[in-house]
Amino acid sequence: MESLFCCPVCGGILSREVGRYTCQVGHSFDIAREGYVNLLPANQQHSKAPGDNREMAAARTRFLEGGWYAPLREALCGLAAKLASAGSALLDAGCGEGWYTQALAEAAASKGGRIAGIDLSKPAVKKAARRCPAGEFAVGTLYHLPVADGCIDLLVNCFSPLAAAEFARVVRPGGKFLYVVPGPRHLWELKEAVYDRPYENGEKREEYPGFRYLDVVSVETCFTLPDAQTIQDLFRMTPYYWKSPKSGVERLARLDGLAVTGQFRIHVMERT
């Protein structure tokens, strides 16, 4: 069966066989027992274990399965169902543990389409492959996607690094790109807990070569995290985990509940 992935060595389209992916030249990549394939060459690996580690992946899984970000997932799936045509190929670029991918796969399947997910973190991709066996999953970098030119109809990037040039390369002309970013006051209450002077996120609409804007969809929600574990799980998902002052981290650790604002922006673009 022809895959959505291409060979990271020669660029040829990969075919999925029992237990492995192969290209016409003969390069072969084993499929792990969880159902994913590693398409990250050693020369693109900047550390021994790139991406989120097992502990971080577990924290994000616990938080997302709590349903706190369900309004965002519902909005993404609604857009995917609206934008994807019959037989569409979807790519979740930076799929993480597959919580969004699983729901997007259902939207794709309703139109006879298929979906693939790529992430740098092996622990995360393992979880994604288990969660969504109908999809294809690969360990890989967004800056050198193991995907052929112009073969993707809809690309989703949710809170993951933006590789605009690569996204433009793999999305076909007329294809769509959904880019999820935080709104100005996303997680404002968490920021108030860890920073003495919290700041709003910038609200911008940047033009990327190869894409034109169709819309910016706002999604807002409020939820109350019921315990310290859930607060810490959310904190580990954010960039603030790496750059918050010690005093703020200690303040957050003392909280046993927190009302939080979720504010998302889905930038909807079309490949020109």
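Each remark here, short or long, concerns the structure printed above.
Heads up: these notes are all about the structure in this document. Everything numeric in this text was worked out from a predicted model, so none of it was measured. Every chain's residues receive numbers from 1 upward, in the order its sequence appears when written. For a predicted model such as this one, the threshold for reporting local features is a pLDDT of at least 70, and the threshold for listing and counting side-chain atom pairs is 80 or more; totals across whole chains, interfaces and linings nevertheless cover every residue. Side-chain numbers come from the whole structure's heavy atoms, not from hydrogens or water.

### Comments concerning unusual backbone geometry
Our working rule: The helix and strand labels rest on DSSP assignments: H or I over at least four residues marks a helix, E over at least two residues marks a strand, and numbering proceeds from the N terminus. For each residue, the accessible area found with a 1.4 Å probe, counting protein chains only, is set against the maximum for its type, and the residue is called buried under 20%, exposed over 50%, and partly exposed in between.
Although it is not a glycine, Phe159 adopts a positive phi angle of roughly 55°. Tracing the sequence through the fold places Phe159 in the loop between strand S9 (152-158) and helix H5 (164-170). When its relative accessible area of 38% is taken as the criterion, Phe159 is described as partly exposed. Phi angles above zero are rare outside glycine, and Leu187 is one such case at about 55°. With respect to the element layout, Leu187 can be found in the loop between strand S10 (171-182) and helix H6 (188-194).

### A word on helix H2 (residues 70-83)
Stated formally: Helix span, expected: 1.5 Å multiplied by one less than the number of residues in the helix.
Look at H2: 20 Å from first C-alpha to last across 14 residues, which is about the 20 Å you get at 1.5 Å a residue. Within H2, the full set of buried residues consists of Ala70, Leu72, Leu76, Cys77, Leu79 and Ala80.

### Some points on the packing of aromatic side chains
Each aromatic ring pair is characterised by the separation of its centres together with the angle its planes make. Test applied: Working definition: a ring pair exists when centres of Phe, Tyr or Trp rings (six-membered ring for Trp) sit within 6.5 Å. Plane angles under 30 degrees give stacked, over 60 give edge-to-face, the rest tilted. Here, a charge over a ring means that NZ of Lys or CZ of Arg falls within 6 Å of the ring centre while also lying within 35 degrees of the ring normal.
A full pass over the atoms with the stated rule returns 16 aromatic pairs. Measuring from ring centre to ring centre gives 6.4 Å for Phe63 and Phe223, while their planes differ by 65°; the resulting arrangement is edge-to-face. Residue Phe63 is located in helix H1 (residues 54-65), and its partner Phe223 is located in strand S11 (residues 211-225); the two are separated by 160 residues in the primary sequence. On the accessibility criterion, Phe223 (8% relative accessible area) is buried. Between Tyr241 and Trp242 the ring centres are 5.0 Å apart and the planes differ by 80°, which places this aromatic pair in the edge-to-face class. Every member of this aromatic cluster is reached through a ring pair, and the members are Phe63, Trp68, Tyr69, Phe159, Phe223 and Phe264. Over the ring of Trp188 we find Arg185; its NZ or CZ atom is 4.2 Å from the centre of that ring. Across from the ring centre of Tyr199, 4.4 Å away, lies the NZ or CZ of Lys191, which sits over that ring.

### Observations regarding the pairing of S9
Put simply, the rule is: Only strands that DSSP links by at least two bridges are regarded as paired with each other.
Counted residue by residue, S9 has seven buried out of seven residues, so it is predominantly covered. Judged from the three bridges that link them, strand S6 (residues 89-93) and S9 form a sheet pairing that is parallel. Across the sheet, residue Leu91 finds its bridge partner in S9, namely Leu155. Relative to S10, S9 is paired through six bridges, and the arrangement is parallel.

### Concerning the side chain of Glu166
Definition in use: Contacts are assigned to residue pairs with any non-hydrogen atoms lying within 4.5 Å of each other.
You can see Glu166 is positioned in helix H5. Taking relative accessible area as the criterion, Glu166 reaches 14% and is therefore assigned buried. If we skip the residues at most four places from it in the chain, Glu166 touches Leu142, Tyr143, His144 and Leu145.

By themselves, these observations are geometric and do not establish any function.
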